[in-house]
Amino acid sequence: MKNKKILIGILTGLFFIIIIWLLSKSTTDKKSSKNTSPLIENTTPQSSSSADTFVLKNDVSSLTWENYDNNFKDTTVTEYNIEKAKLEDLSANIAKTLGFSESEKTISPLKNVFWKKATKNILYLKDDNIIKVEFILPTTTKTGFLEKEINSTINSFVSKILPKNDLQISSIEYFLEDKNIPILGTQQNSKLAKVNLSQTINGIKILPENISSEFVVSIIIDSSLNIRSVKIRDLVINYIATNKKQEILSSQIKQIIPNEIHRLTPFSIKTENLIKENLDNKFSVNSVEVAYLINKDKLRPVFYLSGKILNKNQEIGEASFVSPIPIPAL
């Protein structure tokens, strides 16, 4: 009987390790449990070797400028050398802060790291360099949010788990039901909110290196102010100005080439399919700013475009794109 129990224990342990390994093989980390938070997008990361040579997610055939607010002024920006947080080490610090022990830690054959409790788990994905934290909680019955309560809760939580930084809340999206399938709602009638945070330097937004999103941190919070899930990408913890400066002219904006821009904004599966099916999508540019794109240990300037994707003059959705800065015309 004793040997039988030992055998069952060994088999159970092996089964658990296999499950973790299979989980970590998936770069999309798909979740099906009703208590998971699917609203943090599972976009396949795009690699970037330099500020002007990144893998493109190009799904518009042309740019239109009739709605452009002409907001951009000639500017000079400084390049920076940076130190990024080592997310594997950061995930271990977060695990310690959230009360995980070493016995609750598993390392997969792919060097992904997983901490698991009955009520929460943490996953560090080595290849994607992303941390995912999930709190497994009952669904909420409360409806509606107060923005000041969101800000207070998010800022308190972020200061608890992340090193000192310049993170700021960039946007909040609201979703009607506390379910796997996100349905957009309003601040007054929703049960979940996705809070997106960006990092800035001198007021200029920093974009993650893999440009799978424009946000460094995305957090799901429910209307009872419980944190449901967190996704952390690149995080700059130190930066030093170089002597290299770049003058960026407003005249360079109209030289942006459509097939050299990359969409940052994810959409629902239905809308993504619609975009892929349409061959003549246009991007109507509303505004253009300078942003920094993380390029290994440097910050390089790029154009950050906001506007709407159109097809046959019908609006598909608001979106943001990133573009390399064209070489000025002679």
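Here, every reference points to the structure presented above.
Structural notes, computed from the coordinates. Fair warning: this is a prediction, and the values are worked out from it, not measured in the lab.

Cut-offs used in this document
Residues numbered from 1 in each chain as written. Predicted model: local features only at pLDDT ≥ 70, side-chain atom pairs only at ≥ 80, totals over all residues. Heavy atoms only, no water. Helix = DSSP H or I, 4+ residues; strand = E, 2+ residues; numbered from the N terminus. Buried < 20%, exposed > 50% of the residue type's maximum accessible area, 1.4 Å probe, protein only. Contact = heavy atoms within 4.5 Å. Core = buried A, V, L, I, M, F, W, Y, C linked by side-chain atoms within 4.5 Å. Pairing = 2+ DSSP bridges. Salt bridge = Lys/Arg side-chain N within 4 Å of Asp/Glu carboxyl O. Arc of directions from axis to C-beta. Expected span 1.5 Å × (residues − 1).

### Section: the environment of E289
Checked against the element boundaries, E289 lands in strand β16 (residues 282–295). Judged by relative accessible area, E289 falls into the partly exposed class, the value being 40%. The residues contacting E289, other than those within four sequence positions of it, are N71, F72, V302, F303 and Y304.

### Observations concerning the nonpolar core
Generally speaking, a soluble globular protein has its nonpolar side chains buried in company with each other. In this structure, I94, I122, I131, I154, L162, V217 and I219 are the most contacted members of the largest nonpolar core, which totals 34 residues. If one sorts the elements of this core by residue count, helix α3 (residues 147–161) sits on top with five residues. Membership of the second largest hydrophobic core comes to 30 residues, among which are V77, V290, A319 and I325.

### Some thoughts on the pairing of strand β10 (residues 192–201)
Taking burial as the measure, the 10 residues of β10 include 10 buried ones, the bulk of the element. Burial of β10 is two-sided: the residues L192, K194, N196, S198 and T200 facing one way and the residues A193, V195, L197, Q199 and I201 facing the other way are all buried. Note that strand β9 (residues 167–175) and β10 share eight bridges and pair antiparallel. The partner of L167 across the bridge, within β10, is Q199. The antiparallel hairpin formed by β10 and strand β11 (residues 204–207) contains two residues in its connecting segment, where N202 sits at a positive phi of about 55°.

### Examining the pattern of salt bridges
Counted according to the given criterion, the structure contains 10 salt bridges. With a shortest N-O distance of 3.5 Å, E315 and K308 are connected by a salt bridge. With relative accessibility at 47%, the residue E315 sits in the partly exposed group. Linked by salt bridges that have partners in common, E79, K244 and R300 make up one network.

### Points about helix α2 (residues 87–97)
Along α2, the residues that are buried comprise L87, L90, S91, I94 and A95. The arc enclosing the buried residues of α2, seen along the axis, measures out at 145°, which places them on a common side. Residues of α2 that are buried sit in contact with β6 (113–116), β7 (120–125), β8 (130–135), α3 and β13 (227–232). The positive-phi residue at the C-terminal boundary of α2 is G99, with phi of around 85°.

### Notes on α3
Here α3 contains 15 residues, and its C-alpha end-to-end distance of 21 Å stays within 8% of the 21 Å for a straight helix at 1.5 Å per residue. All of the buried residues along α3 are I150, I154, F157, V158 and I161. Down the axis of α3, the buried set is contained in an arc of 100°. They therefore lie on one face. In α3, the exposed residues that point more than 90 degrees away from the buried face are K148, S159 and K160. For α3, the secondary structure elements touched by its buried residues are α2, β8, β9, β10, β12 (217–222) and β13.

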